[in-house]
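So you can see what is in the structure, the chains are spelled out below.
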Amino acid sequence: MFGRSLKNVAAGGNGTQEVDVRVRGGYSPDSIVVERGRPVRLTFLRDESSPCSETVVFDDFDVRATLPEGVPVIVEITPDEPGSYAFGCEMDMYRGTLVVR
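Definitions and cut-offs
- Residues numbered from 1 in each chain as written.
- Predicted model: local features only at pLDDT ≥ 70, side-chain atom pairs only at ≥ 80, totals over all residues.
- Heavy atoms only, no water.
- Core = buried A, V, L, I, M, F, W, Y, C linked by side-chain atoms within 4.5 Å.
- Buried < 20%, exposed > 50% of the residue type's maximum accessible area, 1.4 Å probe, protein only.
- Helix = DSSP H or I, 4+ residues; strand = E, 2+ residues; numbered from the N terminus.
- Contact = heavy atoms within 4.5 Å.
- Phe/Tyr/Trp six-rings, centres within 6.5 Å; stacked < 30°, edge-to-face > 60°.
- Salt bridge = Lys/Arg side-chain N within 4 Å of Asp/Glu carboxyl O.

Chemist: How should I be thinking about the nonpolar core in this particular structure?
Modeler: Most often, soluble globular proteins keep nonpolar side chains buried together rather than apart. Grouped together as the largest cluster of nonpolar side chains are 23 residues, with contacts concentrated most on Tyr27, Ile32, Phe44 and Val56. Mapped by element, the contributors of at least two residues to this core are β3 (17-23), β5 (31-34), β6 (40-46), β7 (55-58), β9 (73-77), β10 (83-88) and β11 (95-100). With sequence-adjacent residues up to four places away left out, tyrosine 27 is seen in contact with Val21, Arg22, Phe44, Thr55, Val56, Phe87, Gly88, Cys89, Tyr94, Arg95 and Gly96.

Chemist: Before we go on, may I ask you to explain the packing of aromatic side chains in this structure?
Modeler: Two aromatic rings, taken as a pair, are described by how far apart their centres are and by the angle between their planes. Enumeration according to the criterion identifies seven aromatic pairs in this entry. Where tyrosine 27 meets phenylalanine 44, the ring centres are 6.1 Å apart and the plane angle is 80°; that geometry is what we call edge-to-face. Of the two residues, tyrosine 27 is situated in strand β4 (residues 27-28) and phenylalanine 44 in strand β6; the sequence distance between them amounts to 17 residues. Of the residues examined, tyrosine 27 reaches a relative accessible area of 6% and is grouped as buried. Where tyrosine 27 meets tyrosine 94, the ring centres are 6.0 Å apart and the plane angle is 90°; that geometry is what we call edge-to-face. Remark: tyrosine 94 occurs in the loop between β10 and β11 and tyrosine 27 occurs in strand β4; sequence separation between them is 67 residues. When its relative accessible area of 10% is taken as the criterion, tyrosine 94 is described as buried.

Chemist: Honestly, unusual backbone geometry in this entry has me stumped. Any pointers?
Modeler: Going from serine 28 to proline 29, the amide bond is cis rather than trans, its omega being 5°. Assignment of secondary structure puts proline 29 in the loop between β4 and β5. With phi around 55°, aspartate 62 is a residue other than glycine that occupies positive phi space. Mapping aspartate 62 onto the fold places it in the loop between β7 and β8 (63-66). Using a relative accessible area of 74% as the deciding quantity, one classes aspartate 62 as exposed. Residue aspartate 92 is not a glycine yet carries a positive backbone phi of 60°. By secondary structure assignment, the location of aspartate 92 is in the loop between β10 and β11.

Chemist: Can you walk me through the pattern of salt bridges in this structure?
Modeler: A side chain with one charge can pair with a side chain of the opposite charge if their charged atoms come near. Counted according to the given criterion, the structure contains seven salt bridges. One salt bridge in this structure joins arginine 24 and aspartate 47, with 3.3 Å as the shortest N-O distance. Of this pair, arginine 24 sits in the loop between β3 and β4 while aspartate 47 sits in the loop between β6 and β7, and the two are 23 residues apart along the sequence. A relative accessible area of 56% means that arginine 24 is categorised as exposed. The shortest N-O distance in the salt bridge between arginine 64 and glutamate 90 comes to 2.5 Å. One end of the pair, arginine 64, is in strand β8; the other, glutamate 90, is in the loop between β10 and β11, and 26 residues separate them in sequence. Each of Glu18, Arg41 and Glu76 takes part in one network of salt bridges that share partners.

Okay, here's the thing in structure tokens:
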């Protein structure tokens, strides 16, 4: 379910790449590997009350989501180009990387 460190994403039934990300003192996993051109569904679960973890931002994809404490929040993107894409909180204290191959 909610793992640690590097995570290769499992494919869902419809080809969507899916991973659960726990938010507690950072992101776990904080490095996620996906395939380009396929939809990615990240389910964030904020397991703390720190104000730093209230929002996750994917600047390269122009995506941001509010993360209420204890409520799973789904973020969906489809990365078209290979590379490493940063994501993090608004204060840039919590950081993660989406690695697209």
